[in-house]
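Spelled out from the first residue to the last, the chains are:
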Amino acid sequence: MCSLCAVLGSSNHWSDMAGREVFLLNGNKVSRRTERAHRLRLMAPIMDYYGLSLRDLGGSSYLVGNGNGQESNVYQLEGVWAEAERLAGSKCDPLDPELLSHLTLISDGHASV
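No experiment lies behind these values; they were computed from the predicted model shown.

Enquirer: Describe the packing of helix α2 (residues 32-49) against helix α4 (residues 97-107), listing the residues and the values that go with them.
Expert: Direction vectors running N to C along α2 and α4 enclose 130°, while the axes themselves pass 10 Å from each other. Classified by the angle between their axes, α2 and α4 sit oblique to one another. Where α2 crosses over α4, the two elements pack in a sense that is right-handed. Along its contact with α2, which presents Pro45, Ile46 and Tyr49, the element α4 presents Glu98, Leu99, His102, Leu103 and Ile106.

Shown next as structure tokens:
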């Protein structure tokens, strides 16, 4: 798929809350920007655990990077995990007990990312 088609088709994912009347935040519709920022905040500690970074690229895609300077542009949220594994060079297990312990420490305020 060409990059332009990927960008144009990336706006309607089944998990998106933005613009849907059934999802309100303090009585207001959720914006794409707010939703993407929230996703990035949730995913940052997981990416950090695997030595990776994740950032929004212009509101249309995600940029996954590793500590070696490699970066990859991913257009859909579901592609982030596969790219994370590729760039980390290993399996990234969301149920890894050490990862879950790390996330628990962070949420309890006992560790920093």
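What follows continues from the structure just given.
Enquirer: Which residues make up the side chain of Ser72, and what values go with them?
Expert: Residue placement: Ser72 occurs in strand β5 (residues 71-74). Within the structure, the side chain of Ser72 is placed 2.9 Å from the side chain of Glu83, a separation counted as a polar contact. If we skip the residues at most four places from it in the chain, Ser72 touches Tyr62, Leu63, Val64, Glu83, Arg86 and Leu87.

Enquirer: Break down the pairing of β5 for me, with residues and values.
Expert: The side-chain alternation of β5 yields one buried face, formed by Ser72 and Val74, and one unburied face, formed by Glu71 and Asn73. In terms of strand pairing, strand β4 (residues 61-66) meets β5 through 4 bridges, oriented antiparallel. For Tyr62, the partnering residue across the bridge sits in β5 and is Val74. Hairpin connection, β4 to β5: the antiparallel pair is bridged by 4 residues, and Gly69 has positive phi, about 90°.

Enquirer: Kindly report on the packing of aromatic side chains, identifying the contributing residues and their values.
Expert: Applying the stated criterion across every chain yields a total of 2 aromatic pairs. Relative to Tyr50, the ring of Tyr49 lies with its centre 5.0 Å away and its plane at 90°, an arrangement referred to as edge-to-face. Residue Tyr49 is classed as partly exposed on the basis of its relative accessible area of 26%. Ring centres 6.3 Å apart and planes at 90° place the aromatic pair Tyr50 and Trp81 in the edge-to-face group.

Enquirer: Explain the pattern of salt bridges residue by residue, including any values.
Expert: One pass over the full model with this rule turns up 5 salt bridges. Residue Arg86 pairs with Glu83 through a salt bridge whose shortest N-O separation is 2.9 Å. Of this pair, Arg86 and Glu83 both sit in helix α3 (residues 78-88), separated by 3 residues, roughly a single helical turn. When the shortest N-O distance is used, the salt bridge between Lys91 and Glu85 registers 3.6 Å.

Reading the values: rules and limits
- The residue numbers shown here count from 1 along each chain, following its written sequence.
- Restriction of local features to residues with pLDDT of at least 70 applies here, the model being predicted, together with a cutoff of 80 or more for giving and counting side-chain atom pairs; totals for whole chains, interfaces and linings are based on all residues.
- The basis for the side-chain values is all heavy atoms of the structure; hydrogens and waters are excluded.
- Helix axes are fitted to C-alpha atoms over the stretch in contact, other axes to C-alpha atoms as well, and angles between N-to-C directions run from 0 to 180 degrees.
- Helix and strand definitions follow DSSP, with helices as H or I runs of at least four residues and strands as E runs of at least two, each counted in order from the N terminus.
- An angle counts as roughly parallel when it lies under 35 degrees, as roughly antiparallel when it exceeds 145, as roughly perpendicular when it falls between 65 and 115, and as oblique in every other case.
- Here a crossing is taken to be left-handed if its near helix is turned anticlockwise relative to the far helix by less than a right angle, and right-handed if that turn runs clockwise.
- Contacts are assigned to residue pairs that have any heavy atoms within 4.5 Å of one another.
- Distance and chemistry together define a polar contact, namely a pair of N or O atoms within 3.5 Å, with one atom able to donate a hydrogen and the other to accept it when in protein, and with adjacent residues in sequence counting only for side-chain atoms on both sides.
- Per-residue accessibility, obtained with a 1.4 Å probe over protein chains only, is compared with the maximum for each type, and a residue is labelled buried under 20%, exposed over 50%, and partly exposed between these values.
- Strand pairing is assigned whenever DSSP identifies at least 2 bridges connecting the two strands.
- The aromatic pairing rule takes the rings of Phe, Tyr and Trp, using the six-membered ring of Trp, and pairs them if the centres are within 6.5 Å, calling planes under 30 degrees apart stacked, those over 60 edge-to-face and the rest tilted.
- Here, a salt bridge means any side-chain nitrogen of Lys or Arg that lies within 4 Å of a carboxyl oxygen of Asp or Glu.

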